[in-house]
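Chain by chain, the residues:
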Amino acid sequence: MIATVTLNPCLDKVVAVDGLIVDEANRWTSLDRYPGGKGIDVSRSVHELGGTTTAYGFIGGFYGMLVQRLLDKEGVPFSFTQIEQETRTNFIITDTRTYRQTRINAPGPHISKTELERLRRKIRNVPNPDFLVFSGSVPPGVPDDIYKQLIQKAKERNVKTVLDADGQWLREGIKAKPYLIKPNIHETEQLLDTELATEDAIIRAASKLIESGIEIVVISRGKNGLIAANKGSILKVISPQVEVLSTVGAGDSTVAGLLLKLAEGKPLSEACRYAAAAGTAAVLTSGTELCHRSDVERLFPQVKVEEIS
Ligand SMILES: Nc1ncnc2c1ncn2[C@@H]1O[C@H](COP(=O)(O)OP(=O)(O)OP(=O)(O)O)[C@@H](O)[C@H]1O
Ligand SMILES: [Mg+2]
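Residues numbered from 1 in each chain as written. Chains lettered and ligands numbered in written order. Predicted model: local features only at pLDDT ≥ 70, side-chain atom pairs only at ≥ 80, totals over all residues. Heavy atoms only, no water.

Asker: Which residues make up empty space enclosed by the protein, and what values go with them?
Answerer: Applying the stated criterion across every chain, the model contains two cavities of 30 Å³ or more. Empty space within the largest cavity amounts to approximately 60 Å³. Along the walls of the largest cavity sit Arg120, Ile123, Arg124, Leu132, Gln149, Leu150, Lys153, Ala154 and Arg157, which together make up its complete lining. Among the elements of the structure, helix H3 (113-124) and helix H4 (146-156) are those that each provide at least two residues to the lining of the largest cavity. The element contributing the most residues to the lining of the largest cavity is H4, with four residues. Split into classes, the residues belonging to the lining of the largest cavity amount to four nonpolar, one polar and four charged. (1 Å grid on protein atoms, 1.4 Å probe; cavity = no way out; pocket = protein on both sides within 12 Å on 5 of 7 lines; lining within 4 Å. Points joined across faces, edges and corners; volume = space filled by probe spheres on them. Helix = DSSP H or I, 4+ residues; strand = E, 2+ residues; numbered from the N terminus. Nonpolar A, V, L, I, M, F, W, Y, C, P; charged D, E, K, R; others polar.)

In structure tokens, the structure reads:
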């Protein structure tokens, strides 16, 4: 069971426009709504890939109800903590002529102390997950080191934790030494305050993070695949080259694929191969749509894994 925690879920409204013109009235050709937030996306991908999952996090108001209804429709189990304020809405404008996407993200509702306490209690009682995933941004009212606190608590009961966040949330969170992290290049550069222009530099960064006490470090590199490390090995994972429709959600599908295989007891190399297949499958789908299982299975044998050391 892969449990995910999304502190700042959203309803993604995706509008398609055929040739967006700024400063003019545009007409949309389609309007889609998706349940969003990075942990929720991991749960949706796990579910699509045949795994068992439950999505935890904060939910509120009318948009919160819509998020739950959309998850229900997909068959994704959830157990949210209700909040007073409204779940946020993100707007995504897809230009179907250029394939360019413009995102307008909302900061999210304010979380009260009581609501945060309720969520802490709930997460403490998640029944024995294989992994507990903390993913995405932190809403107003919640302290910057919340992931550190939640990871520490989970580790006290021997739950394997995963952190996929950026900026201060990642910086603070890794102080609790999560079991696994999956930053992209940019997030890793920010975290270590260094430029990672070469493959050697990325390998050194992964090793440094392993030495700091994290068990598995997977650094994702967009179309260049992944560099993964654990105590004993460093792997270079090369994704097949495909035509990109939208890279939104590639990282979340990657995390889902990775954890599914690790939970099955597969070695890191096979888990990374599946992870890269899932990430690549996600770029084949448009808008905020995630990976499709059939694409993942088809791409899986095309991913190359090299042992570096
Ligand atoms: N253009 C691409 N072509 C092929 N595969 C890709 C491409 N972009 C991403 N991927 C696959 O998806 C994985 C994750 O991508 P990326 O490094 O962009 O994650 P991310 O920045 O965390 O994404 P997200 O915005 O979802 O958080 C890559 O390691 C790769 O396997
Ligand atoms: Mg990411």
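Asker: Break down the packing of H3 against H4 for me, citing the residues and quoting the values.
Answerer: In the contact formed by H3 and H4, the axes pass within 10 Å of each other and the chain directions differ by 30°. Taken as a pair, H3 and H4 cross one another with a handedness that is right-handed. Each of Leu116, Arg120, Ile123 and Arg124 in H3 lies in contact with H4, whose residues at this interface are Ile146, Gln149, Leu150 and Lys153. Split into classes, the residues belonging to the contact of H3 with H4 amount to four nonpolar, one polar and three charged. (Axes fitted to C-alpha atoms, helices over the stretch in contact; angles between N-to-C directions. Left-handed = near helix turned anticlockwise from the far one by under 90°. Contact = heavy atoms within 4.5 Å.)

Asker: Explain unusual backbone geometry residue by residue, including any values.
Answerer: A positive phi angle, close to 75°, is found at Asp23, a residue other than glycine. Within the element layout of this structure, Asp23 appears in the loop between strand S2 (10-17) and strand S3 (28-36). Notably, Lys177 is not glycine yet its phi reads approximately 55°, a positive angle.

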